[in-house]
Amino acid sequence: KTTENSETIKFKTIQFIMGTKYLNRDQVEQVCYIMCDKLGIEKSEDNFAHVKEACKIYFGLQASIS
């Protein structure tokens, strides 16, 4: 499996969810699994944390510019 650093995981996650207006908690969990599969990385709490952080960053940016 490929090792990805946290910044790459966050960047790729933001690219994946770009244009999304809203994700509920279950959808964020699904994005965690999808991103691990897409990136070929382990489905671990650390990697899930990076994906969740990317979601927070993305939606935080959307809120700050609207």
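Residues numbered from 1 in each chain as written. Predicted model: local features only at pLDDT ≥ 70, side-chain atom pairs only at ≥ 80, totals over all residues. Heavy atoms only, no water.

Draft legend 1. Summary view of the environment of Asp37. Structurally, Asp37 can be placed in helix H2 (residues 25–39). Each C-alpha atom of the pair Asp37 and Phe59 lies 22 Å from the other, and the pair is 22 residues apart in sequence. Here the side chain of Asp37 touches Lys43 through a polar contact of 2.6 Å, side chain to side chain. (Helix = DSSP H or I, 4+ residues; strand = E, 2+ residues; numbered from the N terminus. Polar contact = N/O pair within 3.5 Å; in protein donor to acceptor, adjacent residues only side chain to side chain.)

Draft legend 2. Representation of the layout of surface pockets. There is about 180 Å³ of room inside the largest pocket. Along the walls of the largest pocket sit Leu23, Asn24, Arg25, Val28, Glu29, Lys52, Cys55, Lys56 and Phe59, which together make up its complete lining. Of all the secondary structure elements, the ones that give two or more residues to the lining of the largest pocket are H2 and helix H3 (45–65). Looking at the lining of the largest pocket element by element, the count peaks at 4 residues for H3. (1 Å grid on protein atoms, 1.4 Å probe; cavity = no way out; pocket = protein on both sides within 12 Å on 5 of 7 lines; lining within 4 Å. Points joined across faces, edges and corners; volume = space filled by probe spheres on them.)

Draft legend 3. Region of interest: the side chain of Lys10. Mapped onto the secondary structure, Lys10 falls in helix H1 (residues 6–17). Judged by its relative accessible area of 17%, Lys10 is buried. Non-local contacts of Lys10, meaning those with residues more than four positions away in its chain, are made with His50, Glu53, Ala54 and Ile57. (Buried < 20%, exposed > 50% of the residue type's maximum accessible area, 1.4 Å probe, protein only. Contact = heavy atoms within 4.5 Å.)

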